[in-house]
Amino acid sequence: MGYLYYFLGFLLLAARLPPDAAKRFHEALSNERTSDYIREYNQLSGWSSDENDWNERLYPVWKRGDPRWKNSWKGGNMRVVLTSDSPALVGSNVTFVVKLVFPRGQKEDADGNLVYEKNCRDDTGPSPDPHVYNWTAWTEDDDWESGPNQSHHNVFPDGRPFPHHHGWRKWNFVYVFHTLGQYFQKLGRCSERISINTANVTLGPQIMEVTVYRRHRWTHVPVTKAKAVYVVTDQIPMFVNMSQRNDRNSSDDTFLRDLPITFNVLIHDPSHFLNESAIYYKWNFGDNTGLIVSNNHTLNHLYVLDGNFSFNLTVQAAVPGPCPSPSRRPPRPTPSSLLAGDDPLELRDIPGEDCEITRYGYSKATITIVEGILEVNIIQMTDVQMPMPQPADSLMDFVVTCQGPIPTEVCTIISDPTCQIAQNAVCNPVDVDMGDRCLLTVRRAFNGSGTYCMNLTLGDDTSLVLTSTLVSIPGRDAGSPLRMANGALVSVVFLAIFVTVIALLVYKKHKEYKQIGNRTGTRGQGLNVFLNHVKVMFFPGSREKDPLLKNQPGTL
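The structure displayed is predicted, hence computed values, not measured ones.

Caption draft 1: A look at the sheet that holds strand β12 (residues 191-197). In spatial order, the strands read β4-β6-β12; together these three strands make up an open sheet with antiparallel pairing. Each edge of the open sheet carries a strand with a single partner, namely β4 (79-84) and β12. Neighbour-to-neighbour, the strand axes of this sheet turn through a mean angle of 20°, independent of strand direction. Pairing geometry for β4 and strand β6 (residues 93-101), over six bridges, is antiparallel. For R79, the partnering residue across the bridge sits in β6 and is V101.

Below, the structure written as structure tokens:
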């Protein structure tokens, strides 16, 4: 009888000890734990406790540094990128996207097959087989659907069967997500996403982990894992974008006096949690202009003095939330009272509706206001006359005025008439003494005739002002000195040729007359007669005055 007691006691002791082969989810998915690890979490919808058993026979667990990781994927190392759209306002949804990064030369095609791209070499060289893994071959085995072990290998690590959606046999990867002491399993392809509601998530930064297994016949092989930090907050996530015309650098919070600044509030709400909420904006620009309350996320403000100003913005929205207990239920507030306070937790109970919580978001900045160039104008364009010979380019002078301090640089961009294709860009420092008035002349060269678009900018340390104009460059003027000289030279040449031709014709006609006889004193008179004929033709007049009459030979 004593042996029987010993045997029963051994059975009771053994029942209290977990079997060596049993592994929990948190043991399989987490590599390490911090000293402040918390086991108690609020339940996430659709997630399971990581105290459940993990099937290590179908899903082997490899710790960090295990040499088997190097050979878990054919053709190189597989990586996974895990991202989220946090920060998330508590109560909204946060979405995680996981994307597999295959080794170089590999990709997943439209049918779910993993193939090599053509003419691509991976880390181990070219593969003779175009398919990395022939998923179709093993999914069409006879025992895939009707075999006795079918229900054993088509399951998740906790033993739940795969969902039989359309095309599920082509979903080659098993994703196991782990956060807040809970896990979520999903069968998918090379890219998947999940969303969780943050109503029961502890505020602050949290860690999401994912482990990826590839399906391989009747078992699964771990290929990669990753983790990412996401943030849940009770303040409305937002960003204020400040911009101003002529401001040189909007990221330094330095702006120009006497020009409006545009304040644009961008609320980060990717799950559209605040779509049905009434949102109010309370603006305080720090220049004694008072508090401005509006429901518009964009506002323009003009600073008229130089200096530093404290900008403060409070964004207020009523969102669904838990109802308070009857003992601490406050009276129903009015919209004016909602805008007056900044208590981060204001509750209101609307009869017949869900309770609401007023959430706030805050933004602060120190804005510096300085003097800057406010405006620039081109008041005159003049064609520059150059001495002979003229260069190939045409020069134009532009007289420019501006409002504000003296600029330190001037830049021009000459482009086609549509102002789209730049042809020439020039920048010059402004080192001339203009006194207190902003007035300068800018000379630029244009390559040939035609119409050009010219953008001109004046700048200093804090401002950059732009103006544009169309410039028409005419062709070379026919009355220019060079063209007039060339024309005169051509006219002289043609006149000489014409005189020579006429002279030849007259000389030929003169030779046809026969001499009556030789007389003394008539030597050299033939040439005189020839010239007198030419003179008569070009300068007709009274023949009585013609010198040839005086040289007529005497009477016979």
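Caption draft 2: Main features of the nonpolar core. Among the nonpolar cores identified, the biggest contains 28 residues, and L82, F96, F173, Y175, F177 and V212 are the most heavily contacted of them. Elements represented by at least two residues in this core include exactly β4, β6, β10 (173-179), β12, β13 (204-216) and β14 (219-233). For F96, the residues in contact, after removing those within four places along its chain, are L82, T83, S84, E192, R193, I194, I196, M208 and Y230. I236, W283, L313 and I369 belong to the second largest nonpolar core, which has 27 residues in total.

Caption draft 3: Expanded view of the environment of S72. As for its position among the elements, S72 is in the loop between β3 (53-54) and β4. Sequence separation between S72 and Y213 is 141 residues; the distance between their C-alpha atoms is 9.7 Å. Among the polar contacts made by the side chain of S72, one reaches the main-chain carbonyl oxygen of W69 at a distance of 2.9 Å.

Caption draft 4: Molecular detail of the state of the cysteines. Using the criterion set out here, one finds three disulfides in the structure. The residue that forms a disulfide with C411 is C427, at a sulfur-sulfur distance of 2.0 Å. Note on the C411 and C427 pair: the S-S dihedral is about 115°, so by sign convention the disulfide is right-handed. Residue C411 is located in strand β26 (residues 409-415), and its partner C427 is located in strand β27 (residues 422-429); the two are separated by 16 residues in the primary sequence. Two residues, C419 and C453, share a disulfide whose sulfurs are 1.9 Å apart. Judged by the torsion about the S-S bond (100°), the C419/C453 disulfide is right-handed. Of this pair, C419 sits in the loop between β26 and β27 while C453 sits in strand β29 (residues 450-459), placing them 34 residues apart in sequence.

Conventions adopted
Residues numbered from 1 in each chain as written. Predicted model: local features only at pLDDT ≥ 70, side-chain atom pairs only at ≥ 80, totals over all residues. Heavy atoms only, no water. Pairing = 2+ DSSP bridges. Helix = DSSP H or I, 4+ residues; strand = E, 2+ residues; numbered from the N terminus. Axes fitted to C-alpha atoms, helices over the stretch in contact; angles between N-to-C directions. Core = buried A, V, L, I, M, F, W, Y, C linked by side-chain atoms within 4.5 Å. Buried < 20%, exposed > 50% of the residue type's maximum accessible area, 1.4 Å probe, protein only. Contact = heavy atoms within 4.5 Å. Polar contact = N/O pair within 3.5 Å; in protein donor to acceptor, adjacent residues only side chain to side chain. Disulfide = S-S within 2.5 Å.

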